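Examination of the molecular architecture
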Amino acid sequence: LGILYLSASIKKYTNYTVSLYDTNINNIEDIPYSDIYAFSTVTPTYSNCIDLARSIKKKYNDSKIIIGGVHASTNYNSIDSIFDSIFIGQSEDTIIEYIEDHTNNTIKYQYFQTKKVDINDLFPDRDLLTIDYIKTKSIFTFCSRTMSEY
């Protein structure tokens, strides 16, 4: 749900578009160009994220690659340098800050959640989920909100 909330926040507060590219059903070689590629990861998928990020950077060197999720939030001091920015904690607010920084060319390396995120006015952007994605046999479900003390 995290990426769906981020998409909802981006669409609500910016003019950026969001799409989901599932490498379980699409070839990484066919990934279309984007200004920003975002990964949300847990520890078991982190090494795969690094490999995918390297493939993207090789193809689109000027694109920014960002990472968040549980692994990035709990291991932010040891994230691979392939990632241009790291998101620590819930990111519905900090992703908007990042997009503003991206527009102004003032991107920071780390974006920390500094306040409680209110998602009551956001509904997960389920439009991102295509029927092919929903049918994927390898969907990993992780339902949690982390770092709620902020």
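These remarks concern the structure in this document. Fair warning: this is a prediction, and the values are worked out from it, not measured in the lab.

Analysis parameters
- Residues numbered from 1 in each chain as written.
- Predicted model: local features only at pLDDT ≥ 70, side-chain atom pairs only at ≥ 80, totals over all residues.
- Heavy atoms only, no water.
- Helix = DSSP H or I, 4+ residues; strand = E, 2+ residues; numbered from the N terminus.
- Buried < 20%, exposed > 50% of the residue type's maximum accessible area, 1.4 Å probe, protein only.
- Contact = heavy atoms within 4.5 Å.
- Areas by Shrake-Rupley, 256 points an atom, 1.4 Å probe, with all protein chains shown as cover.
- Salt bridge = Lys/Arg side-chain N within 4 Å of Asp/Glu carboxyl O.
- Pairing = 2+ DSSP bridges.
- Right-handed = clockwise from strand over helix to strand, strands pointing away.

**Side note on the overall build of the protein chain**
- The helix and strand tally for the protein chain stands at five helices and four strands.
- Walking the protein chain from its N terminus toward its C terminus, one meets helices and strands in the order α-β-α-β-α-β-α-β-α.
- The buried share of the protein chain, taken over its 150 residues, is 40%.
- Across the protein chain, the fraction of contacts at a sequence separation of at least 24, relative to all contacts at a separation of at least 6, is 67%.
- Summing over all exposed atoms, the protein chain offers an accessible surface of approximately 9100 Å²; the carbon and sulfur share of this is 50%.

**Some thoughts on the pattern of salt bridges**
- Throughout the structure, instances matching the rule amount to five salt bridges.
- Here Lys108 ties to Glu97 by a salt bridge, and the two come within 2.6 Å at their closest N and O atoms. With a gap of eleven residues between them, Lys108 in the loop between α4 (94–104) and β4 (110–112) and Glu97 in helix α4 connect regions that are remote in the sequence.
- Judged by relative accessible area, Lys108 falls into the partly exposed class, the value being 34%.
- Glu97 sits in the partly exposed class, given a relative accessible area of 31%.
- Residue Lys108 is joined to Asp101 by a salt bridge in which the shortest nitrogen-to-oxygen separation is 3.1 Å.

**Details of the side chain of His102**
- Within the fold, His102 resides in helix α4.
- The buried category is assigned to His102, whose relative accessible area is 18%.
- Residues contacting His102, with those up to four places away along its chain left out, are Tyr16, Asp35, Ile36, Lys64 and Ile107.

**Focus on unusual backbone geometry**
- Positioned with a positive phi, Asn105 is a non-glycine residue whose angle comes to about 60°.
- Structurally, the position occupied by Asn105 is in the loop between α4 and β4.

**As for the pairing of strand β3 (residues 85–88)**
- Every second residue of β3 is oriented toward a common face, with Ser85 and Phe87 on one face and Ile86 and Ile88 on the other, all of them buried.
- Pairing of β3 with β4, which is carried by three bridges, proceeds in the parallel orientation. Paired with Ile88 across the two strands is Phe112, which belongs to β4.
- Running through α4, the crossover from β3 to the neighbouring parallel element β4 is left-handed.

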